[in-house]
Amino acid sequence: MNPKIFKTLEWSKITRQVAEETTTTLGEQYALALQPMTTHEAISDALDAVAEMQELSDESLHLPIGAIGDVQVIIKRLEINGSLSGKELAMVLNVLKTSQAVVKFFKQSKVESLSLTHLTNESAVLELLPEVRHAIAQVIDEDGNIYDDASGALQAIRREIKRKTAEIRTQLDRIMRAHGDILTEAIVTIRNERFVLPVQQSYRHALGGTVHDQSASGQTLYIEPGAVQSLNDRVQQLRNDEREEIARLLLELSQQVAPYHRELAQDTKILGVLDLIRAKARLAAKQHATKPVIAADGRQLHFNHAMHPLLDPQKAVRNDIYFDNRFSMLIVTGPNTGGKTITLKTIGLLQLMGQAGLYITAGENSQIGVFEEIYADIGDEQSIEANLSTFSGHMTNIIQILETVTSHDLVLLDELGAGTDPKEGAALGIAILNRLDQREAMVATTTHYPELKAYAFEQPHSINASVAFDEETLAPTYRLLIGEPGKSNALDISKRLGLADELVEEARGYLDQNSRDLTDMIDDLDQSRADYETRAERLADTVAQSEKLLHDLNQVYSDLQAHKENYLHKAKQEANAYVERTKDKATKIIGEIREWQRERPNDQPVKEHEMIDKQQALDALYTEEDRLKDNKVLQKAKRERKKQETPHQFQKGDQVEVIPYGQTGTLVDARENGKEWVVQMGVLKMQMATGDLKYIPKKSEKAQKTTIRASKAKHVKPEIDLRGLRYNDAMHQLDTYIDQALLANYAQVTIIHGFGTGAIKNGVQDYLKQNKRVKAFHYAPHNQGGNGATIAELNR
């Protein structure tokens, strides 16, 4: 992105906040160099990684990355086979140990149970180099010091140094006891790596030996007595031997590490990246920031309850700021110091943060776009050095924006057209906004010009917004009101502050009539818009309720169809059972008659009463068969089959059922030679295929049906008692009763099941849960049976 946007929006303050949360040098460098990304995938991955780091923190799991210095220079020296110092090798060892700790951390069972795709992918690439790590750890401690036993030679040299040093101290202690009066202080010290005593200037020749140094005042000389000179010489030689051995060991280790300089560079980079991700998560926690959602098309922006990230959260006023598919241009008006400019900066800075993979200081589910460039013209562009006025500075900047802006960019313009004649400034502002609209850029601008407020009303892609002003306290509230243009309060504020009424009225008189008319027109348009939005909201509610009603009707129709098939199946089973029983009884009667014939002589007639008994038995079979005529489901199925065999010829004026919608209508007109009909359903006309229509008989049949339904309903009580019944019988009666209660149009019924073992009570409640015609159910009040009865509310 253009570097000017970072300066304008003070991006460096954000990156510095991130850097303060890092612990590694490279992580700090990454934070300070943080830039917004311009692809959906890259931004999404960065935000997901921060979310994973927060998930670790929520589980009290902390990434084991501590302080790691700058090893990039060390790696460059390894590339040319240079020898490293002890401290430099200790820094390399720190990198390898940290890498080992991070890999081990992600292998913990508690960590593996979490979904940490991005973090584990990063850590999986770490090279542990166990041989190199072990080799360094055997020679050098964490501070870069060489262990005494790093080699046999070094161990022997240091042992000899300790022995000779002890001899020197013994000699010097003896001298101090003998010549304590000539010393300025009874201590042994070191100058030029040789042991010396502090002797008073006036006794410099009393001990003899070599002077190695003197105090600042010149009153004390640091003298190496002749008695220890040979011992000091030997220690000096041993220290030279020690340095040579250490140099040999460091060179040997450096040569062992050098072939792995690429792996070390990679480990350092990965640890820096992980440190940066952790810093982002830590900053998000401090700011109480949230993860933004990325707009699918990259051009929608919606900040819920947003605040500028550099303001004090205890004092900042949060606002909802948004662009969506209805408008791409936000024109903000309102008084000076009311928060217009901070609104622009909030939009720009939160968008930069989101695109850089940072959480934003806005509410949950806030949405960011994906912009290739973010341009801003904010603040005083006056430049004495460039001989530019404020207006010229702004225009120079805007010209550069117009030359390069595209539909993938966000543009922020503060006080568009300001700094020149108001009429010319407003005209210029409208022309600039038109050009930005043609380029399909997303724009937020502030202004005081009423002409630009009117422009927002006229342009379909634009919308007015304002920062609210408290006319009672004469103070801004910093509240952003999208959809409401700001009003000019200069005259009213002056009057409230005490300016004479006659002066205020005189000032109003000087206002251009066109300006007053334009302001009045904007007020009228604003009121009309508010009325329209209110009506639109009501209409939307009505449509939603209608859609819900249609859905419910379709659901009821489906349920009825399902129950129809159920009852038909049961009726068929019942009919088959009747047939089987009748066949058995008929076979038995025929068998008895044949038995008579065999037992009686040919000349002996059958008695009259016996024949009457058998005849009644046969008649009884027909009586049971006749019962099937009372089965309404079977009779309805027969009628349906008969209708299918001889379909009704539809005529204009016929009453029909529109099957897909479960609605009743009247045939108005035939189409496509009778293959389709126009059906009037209330105020709605629809063209339906003939196959989707079902003829409804005339009023006489309907009246009969209604009478039967009403007749049944009269005998249904608002309660049913299932106590004392077996479980299956109770469930069957309950199912039948609920259907009858629905026909009776009851809003609620009481089901008495008692306490008992609880089987019937549980069965009742399971049945009510599954019945879609039951809206809700609960136990009866204590005075009506309590837990021994359940009240069911029905969908009528």
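Our subject is the structure that appears above.
Residues numbered from 1 in each chain as written. Predicted model: local features only at pLDDT ≥ 70, side-chain atom pairs only at ≥ 80, totals over all residues. Heavy atoms only, no water.

Chemist: Explain the pattern of salt bridges to me, please; I cannot follow it from the model alone.
Modeler: When charged atoms on two side chains of opposite charge get close, those side chains can pair. All told, the structure shown has 23 salt bridges when counted by the stated rule. Taking the shortest distance from any N to any O, the salt bridge between Arg16 and Glu28 comes out at 3.6 Å. With Arg16 in helix 2 (residues 11-19) and Glu28 in helix 3 (residues 25-32), this pair connects stretches of sequence that are twelve residues apart. The class for Glu28 is partly exposed, based on a relative accessible area of 30%. Measuring nitrogen to oxygen at the nearest pair gives 2.7 Å for the salt bridge that ties Arg163 to Glu160. Residue Arg163 and its partner Glu160 are located together in helix 10 (residues 152-178), separated by three residues, close to a single helical turn. (Salt bridge = Lys/Arg side-chain N within 4 Å of Asp/Glu carboxyl O. Helix = DSSP H or I, 4+ residues; strand = E, 2+ residues; numbered from the N terminus. Buried < 20%, exposed > 50% of the residue type's maximum accessible area, 1.4 Å probe, protein only.)

Chemist: What should I look at first to understand the sheet that holds strand 4 (residues 220-224) in this one?
Modeler: Sheet strands pair via backbone hydrogen bonds, and the direction of the pair is either parallel or antiparallel. What the four strands build is an open sheet, ordered 1-2-4-3; its pairing is antiparallel. A strand with exactly one partner marks an edge of an open sheet, and here the two such strands are strand 1 (189-191) and strand 3 (210-214). Put simply, the sheet's adjacent strands are angled 50 degrees from each other on average, direction ignored. In this sheet, strand 4 lies alongside strand 3 in antiparallel orientation, the contact comprising four bridges. Among the inter-strand pairings, Asp213 is bridged to a residue of strand 4, identified as Tyr222. (Pairing = 2+ DSSP bridges. Axes fitted to C-alpha atoms, helices over the stretch in contact; angles between N-to-C directions.)

Chemist: Looking at this model, I keep getting lost on unusual backbone geometry. Mind explaining?
Modeler: At His288, a position not held by glycine, the phi torsion is positive, near 55 degrees. Looking at the secondary structure, you find His288 in the loop between helix 12 (261-287) and strand 5 (293-294). Judged by its relative accessible area of 65%, His288 is exposed. Within the chain, Glu440 stands out as a residue other than glycine whose phi angle is a positive 60 degrees. Among the secondary structure elements, Glu440 is positioned in the loop between helix 15 (422-438) and strand 12 (442-447).

Chemist: What should I look at first to understand the sheet that holds strand 10 (residues 373-377) in this one?
Modeler: Taken in spatial order, the six strands of this open sheet run 10-11-12-8-13-14, and their pairing is mixed. A single partner strand is all that each edge strand has here, and the edge strands are strand 10 and strand 14 (475-482). With direction set aside, neighbouring strand axes in the sheet form an average angle of 15 degrees. Bridge count for strand 11 (residues 409-413) against strand 12 is four bridges, and the pairing is parallel. Looking across to strand 12, one finds that Val411 is bridged to Val443. The strands touched by helix 16 (residues 450-458) within the sheet are strand 8 (329-333), strand 12 and strand 13 (462-470), with strand 13 carrying the most contacts at an inclination of about 135 degrees. (Contact = heavy atoms within 4.5 Å.)

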